[in-house]
Amino acid sequence: MTEFIDAQAFQSMVICAHAALNASKQHLNELNVFPVPDGDTGTNMTMTMTNAVTELKKKNPQTLGAAADCVASGLLRGARGNSGVILSLLFRGIAKKLKGVEKADAVLFAAAMQEGVDAAYKAVMKPAEGTILTVSRLATAAAVEFAANGADVELMLTCALEAGREALADTVNLNPVLKKAGVVDAGGQGYIIIWQAMLECLQGRFVMPEEADEPVREKADFAAIDDEEITFTFDTVFIVRKTVDKPLDGLRAYLSSIGDCLVIGEDDEAFKVHVHTDIPGSALTEAQKYGTLEVAKIENMRIQHEDVAAGRKAISADDLDDESEMPHGNAGPAAPEKELGVVAVCAGDGLASLFKELGADAVVTGGQTMNPSTQDILAAVDSTPANTVFVFPNNKNIIMAAQQCAPLTEKQVVVIPTGAVPQGISAMINYDPSATAEDMEAVFNESIGTVHTAQVTYAARDSEFDGHHILAGQYLALLDGALVGSFDAFPALLEALNKKIAALDPSLISVYYGEDIQEADAEETAGIIGAAFPNAEVMTVNGGQPVYYYMISIE
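A brief look at the structure comes next. Worth saying up front: this structure is predicted, and the values here are computed from it rather than measured.

Section: the sheet that holds strand β5 (residues 270-277)
For step 1, the next point in the chain: Overall, antiparallel pairing links the four strands, which are arranged β4-β5-β3-β6 in an open sheet. At either margin of the open sheet sits one strand with a lone partner, and together these are β4 (259-266) and β6 (291-300). Neighbour-to-neighbour, the strand axes of the sheet open up by a mean angle of 15 degrees, direction not taken into account.
For step 2, the next point in the chain: As judged from the nine bridges shared by strand β3 (residues 234-242) and β6, these two strands associate in the antiparallel manner. From the neighbouring strand, lysine 242 faces β6, where its bridge partner is glycine 291.
For step 3, the next point in the chain: With respect to the sheet, helix α11 (residues 280-287) is in contact with β3, β5 and β6, its orientation differing from that of β3 by roughly 10 degrees.

A closer look at the nonpolar core
For step 1, the next point in the chain: Judged by nonpolar contacts, the single largest core of 76 residues is most densely connected at Phe10, Met156 and Trp195.
For step 2, the next point in the chain: Residue contacts for methionine 156: discarding those within four places in its chain leaves Ala106, Phe109, Ala110, Met113, Ala143, Phe146 and Ala147.
For step 3, the next point in the chain: One finds Phe238, Val275, Leu293 and Val343 within the second-largest nonpolar core, a separate group that totals 38 residues.

Remarks on the pairing of strand β16 (residues 508-513)
For step 1, the next point in the chain: Counting buried positions along β16 gives five out of six residues, so the element sits mostly inside the fold.
For step 2, the next point in the chain: The pairing of β16 with strand β17 (residues 537-542) spans six bridges and is parallel. Residue pairing for β17: serine 510 is matched across the bridge by methionine 539.
For step 3, the next point in the chain: The handedness of the β16 to β17 crossover, carried by helix α19 (residues 519-532), is right-handed.
For step 4, the next point in the chain: Pairing between β16 and strand β18 (residues 550-554): five bridges, direction antiparallel.

Here's the deal with the environment of lysine 103
For step 1, the next point in the chain: With respect to the helices and strands, the residue lysine 103 is situated in strand β2 (residues 103-104).
For step 2, the next point in the chain: Look at lysine 103 and you get partly exposed, because its relative accessible area is 45%.
For step 3, the next point in the chain: Measuring from C-alpha to C-alpha, the distance between lysine 103 and glutamine 8 comes to 9.8 Å, with 95 residues separating the pair along the chain.
For step 4, the next point in the chain: The contact partners of lysine 103, leaving out residues within four places of it in the chain, are Phe4, Ile5, Asp6, Leu64 and Leu108.

Points about the sheet that holds strand β7 (residues 338-346)
For step 1, the next point in the chain: Strand order across the open sheet formed by four strands is β8-β7-β9-β10, with parallel pairing between neighbours. Strands with a single pairing partner mark the edges of an open sheet, and in this sheet they are β8 (362-365) and β10 (412-415). For this sheet, the mean angle separating the axes of adjacent strands, direction not counted, is 25 degrees.
For step 2, the next point in the chain: By the bridge criterion, four bridges tie strand β9 (residues 386-392) to β10 in an arrangement that is parallel. Bridging across to β10, valine 391 finds its partner in valine 415.
For step 3, the next point in the chain: Contacts from helix α17 (residues 437-448) reach β7, β9 and β10, with the element oriented near 10 degrees to β9.

Focus: the packing of helix α5 (residues 106-123) against helix α7 (residues 153-174)
For step 1, the next point in the chain: Between α5 and α7, the shortest axis-to-axis distance is 9 Å and the interhelical angle comes to 35 degrees. The way α5 lies across α7 gives a crossing that is right-handed. Two secondary-structure elements touch here, α5 through Ala106, Phe109, Ala110 and Met113 and α7 through Val153, Met156 and Leu157.
For step 2, the next point in the chain: Taken together, the residues that form the contact of α5 with α7 break down as seven nonpolar, no polar and no charged.

Examining the pattern of salt bridges
Oppositely charged side chains may form a pair once their charged atoms are brought near each other.
For step 1, the next point in the chain: Using the criterion set out here, one finds twelve salt bridges in the structure.
For step 2, the next point in the chain: The salt bridge involving lysine 499 is made with glutamate 495; its shortest N-O contact spans 4.0 Å. Here lysine 499 and its partner glutamate 495 are both found in helix α18 (residues 490-502), four residues apart, which amounts to about one turn of the helix.
For step 3, the next point in the chain: For lysine 499, a relative accessible area of 58% corresponds to the exposed category.

Section: empty space enclosed by the protein
For step 1, the next point in the chain: For the structure shown, the criterion picks out three cavities of 30 Å³ or more.
For step 2, the next point in the chain: In this structure, the largest cavity encloses a volume near 60 Å³.
For step 3, the next point in the chain: In terms of lining residues, the largest cavity is bounded by Leu87, Leu90, Phe91, Ile94, Met113, Val117, Ser136, Thr140, Tyr191 and Trp195.
For step 4, the next point in the chain: Elements that contribute at least two residues to the lining of the largest cavity include exactly α4 (81-97), α5, α6 (132-147) and α9 (186-202).
For step 5, the next point in the chain: In terms of residues, the lining of the largest cavity owes the most to one element, α4, which gives four residues.
For step 6, the next point in the chain: Per-class residue counts for the lining of the largest cavity are eight nonpolar, two polar and no charged.
For step 7, the next point in the chain: Estimates place the volume of the second largest cavity at around 40 Å³.

Topic: helix α14 (residues 374-383)
For step 1, the next point in the chain: Summarising burial for α14: seven of the ten residues are buried, a large majority.
For step 2, the next point in the chain: Residues Thr374, Ile377, Leu378, Ala379, Ala380, Val381 and Asp382 constitute the buried set of α14.

Rules used in this analysis
- Residues numbered from 1 in each chain as written.
- Predicted model: local features only at pLDDT ≥ 70, side-chain atom pairs only at ≥ 80, totals over all residues.
- Heavy atoms only, no water.
- Pairing = 2+ DSSP bridges.
- Helix = DSSP H or I, 4+ residues; strand = E, 2+ residues; numbered from the N terminus.
- Axes fitted to C-alpha atoms, helices over the stretch in contact; angles between N-to-C directions.
- Contact = heavy atoms within 4.5 Å.
- Core = buried A, V, L, I, M, F, W, Y, C linked by side-chain atoms within 4.5 Å.
- Buried < 20%, exposed > 50% of the residue type's maximum accessible area, 1.4 Å probe, protein only.
- Right-handed = clockwise from strand over helix to strand, strands pointing away.
- Left-handed = near helix turned anticlockwise from the far one by under 90°.
- Nonpolar A, V, L, I, M, F, W, Y, C, P; charged D, E, K, R; others polar.
- Salt bridge = Lys/Arg side-chain N within 4 Å of Asp/Glu carboxyl O.
- 1 Å grid on protein atoms, 1.4 Å probe; cavity = no way out; pocket = protein on both sides within 12 Å on 5 of 7 lines; lining within 4 Å.
- Points joined across faces, edges and corners; volume = space filled by probe spheres on them.

So this is what it looks like as structure tokens:
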């Protein structure tokens with residue numbers, strides 16, 4: 001029997017919960033179809049918890065109240081996605097109730113859990129049942145009911161978990177999207193995993209899982225969820241450090257008018273917003289009436305859904321390499337030493353080197369399935385010592401995030417809407433640093449209009465896409481974003497792609513080969529393309545890009 005939870009026990013419980021969540025994150029990703037089918041709930045909840053554990057290990061608080069506050073602050077700062085923000089709110093309520101407390105009995109801890117549920121429901125503007133909110137509410141109700149008549153904390157959490165599991169099983173019936181996909185709610189499942197691990201830790205029987213993710217037992221049918229299920233395009237998350245002392249009611253009302261899935265978590269110093277909207281820039285601008293923007297992340301959920309439906313991993317901005325060739329930190333914008341500068345987004349050492357050779361000041365790592373955040377691009381813009389900075393997103397899904405940099409910096413930001421890397425390279429070939437910003441903008445925009453892009457990749461699993469039935473392992477060819485087809489053999493793909501390219505009457509074809517392609521194979525591929533177009537100049541370049549075996553520029 002355990003009568004109390006103290007600081008040491010609580011810290012151990014949270015660390016075990018993080019380990020269990022990390023081991024199950026891929027399983028949770030495979031369940032994630034609501035509120036948006038982008039397959040990232042497990043990653044978001046795990047990374048949110050990681051931040052809390054990091055803070056705990058740094059501070060090692062000596063009272064339960066201090067430990068709870070440390071966890072809540074870490075979760076708020078690290079919260080990612082809808083599930084991560086709600087998780088931070090659940091623990092923020094716990095911390096509020098346990099403030100100044102050395103240890104807690106069953107009654108106090110259950111009351112703290114209830115405070116967390118109340119905080120989460122209050123913060124979510126339009127609570128949807130059949131989600132982590134439902135699971136946490138019913139689990140906590142059982143905990144409060146037990147605590148009214150029993151003093152054993154372990155039994156209290158056991159009752160909470162039993163009720164939570166029943167609630168989780170029922171989420172498939174409460175939520176039409178979950179029923180359509182045939183799965184329980186991912187966030188609710190994550191909640192159960194957390195508290196199961198915390199209970200087992202308290203009982204002294206938690207076993208640290210292996211590093212590898214557990215096998216997927218249950219998986220959503222992402223292809224069954226239509227793109228129309230996504231009401232708004234951009235998942236927008238940001239933190240604002242408060243500079244004015246006024247309630248956030250006005251901000252809540254405004255954000256509710258331009259989006260959905262709104263959750264706002266706050267503490268005394270800052271607040272964190274999660275919202276789905278089509279105009280993330282407006283959300284950021286409005287929020288700055290309440291304080292100073294610290295960090296922002298914007299991701300295109302429609303593209304993430306396309307990726308998981310097509311069998312690819314939808315990598316978020318949180319998965320980006322931190323080794324971008326740009327300074328980080330809070331040193332402030334670089335003083336202008338020239339009139340014009342350029343920031344380009346791409347993935348692959350060869351492509352990054354090429355942009356640098358053509359005159360780019362900074363290269364941000366990112367691309368398809370690896371969309372950088374506005375903050376990533378902003379850091380590169382601020383590090384560029386120029387008055388006007390041109391940004392080449394080089395992917396249609398990054399254009400909006402790049403555009404949000406403009407109101408966040410004192411520099412003049414001009415986003416050239418390059419939808420693919422070859423367009424950015426073509427524009428950079430025409431770069432004249434001595435020209436005026438207006439003239440250069442016109443030249444850039446004109447040059448990208450003459451470039452077509454073909455891409456060659458593969459299918460990670462069976463799916464339906466663009467009216468095509470795609471089998472796992474097949475080669476895929478796209479031209480200007482449209483699927484040319486899926487193929488069992490690479491020669492058949494080249495033949496079909498060449499037929500499409502022929503309609504463009506090319507004079508210059510550049511074949512950028514990826515990290516999985518050997519130079520000899522790339523030369524052979526370029527030779528086949530060149531034979532089909534004897535009047536065109538064909539060249540090969542080692543792009544080193546992931547995801548795509550080849551990116552082919554047609555001009």
